[in-house]
Amino acid sequence: MSHVTLTDVEWINLNVLAVIHAGLQHDRASTCCKFALDTTQADHLQGLSLDELWSLVVHIGNTTLFPPRADLVALLSTPRPLAGPLALVHRPTPTNIGR
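First, a word on what this report is: a plain description of the structure on this page. (Residues numbered from 1 in each chain as written. Predicted model: local features only at pLDDT ≥ 70, side-chain atom pairs only at ≥ 80, totals over all residues. Heavy atoms only, no water.)

### As for the packing of helix α1 (residues 8-26) against helix α2 (residues 28-35)
Right, so step 1: It is the contact of α1 with α2, at a shortest axis distance of 6 Å, that shows an interaxial angle of 150°. One finds that α1 runs roughly antiparallel with respect to α2. Residues Val 16, Val 19, Ile 20, Gly 23, Leu 24 and His 26 of α1 form the contact with α2, whose own contacting residues are Arg 28, Thr 31, Cys 32 and Phe 35.
Right, so step 2: Grouping the amino acids of the contact of α1 with α2 by side-chain chemistry returns six nonpolar, three polar and one charged. (Axes fitted to C-alpha atoms, helices over the stretch in contact; angles between N-to-C directions. Helix = DSSP H or I, 4+ residues; strand = E, 2+ residues; numbered from the N terminus. Parallel < 35°, antiparallel > 145°, perpendicular 65-115°, else oblique. Contact = heavy atoms within 4.5 Å. Nonpolar A, V, L, I, M, F, W, Y, C, P; charged D, E, K, R; others polar.)

Given below as structure tokens:
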């Protein structure tokens with residue numbers, strides 16, 4: 001059995017992703033409003049398993065994903081080992097929802 005230690009940022013990313021994932025299953029519209037998600041982001045997050053969320057968080061590392069980054073779907077779609085480096089080289093600009 002392995003023990004994974006997460007940083008504060010990784011822990012927050014995992015918790016927010018898990019809350020969003022659960023919220024999308026029950027009340028999609030409200031969850032999208034609460035977390036400023038567009039339909040593409042919501043569709044992608046809803047299609048991920050919890051194992052995929054864990055993998056994403058571990059590979060993204062100590063880079064925040066929220067508020068939702070404009071490149072969130074690209075990071076979610078990227079092969080896991082490349083997600084961390086891409087998150088570091090692209091500025092985490094938020095989406096333009098509600099502006």
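Next, the rest of the story.
### Thoughts on a nonpolar patch on the surface
Right, so step 1: Where nonpolar side chains cluster on the molecular surface, the patch consists of Val 4, Trp 11, Trp 54 and Val 58 and spans about 400 Å² of accessible area.
Right, so step 2: Along the chain, Val 4 falls in the segment before α1.
Right, so step 3: We classify Val 4 as partly exposed; its relative accessible area is 48%. (Patch = residues over 30% accessible without salt bridge, like charges linked within 9 Å, V, L, I, M, F, W, Y side chains within 5 Å. Areas by Shrake-Rupley, 256 points an atom, 1.4 Å probe, with all protein chains shown as cover. Salt bridge = Lys/Arg side-chain N within 4 Å of Asp/Glu carboxyl O. Buried < 20%, exposed > 50% of the residue type's maximum accessible area, 1.4 Å probe, protein only.)

### Focus on the pattern of salt bridges
Right, so step 1: Considering all chains together, one arrives at one salt bridge under this definition.
Right, so step 2: The closest approach of N and O atoms between Arg 28 and Asp 43, which form a salt bridge, is 2.4 Å. Here Asp 43 lies in helix α3 (residues 39-47) and Arg 28 lies in helix α2, a separation of 15 residues in the sequence.
Right, so step 3: Residue Arg 28 is classed as partly exposed on the basis of its relative accessible area of 28%.

### Points about unusual backbone geometry
Right, so step 1: The phi torsion at Ala 36 lies on the positive side, around 55°, for a residue other than glycine.
Right, so step 2: Counting through the fold element by element, Ala 36 comes out in the loop between α2 and α3.
Right, so step 3: The class of Ala 36 is partly exposed, set by a relative accessible area of 25%.

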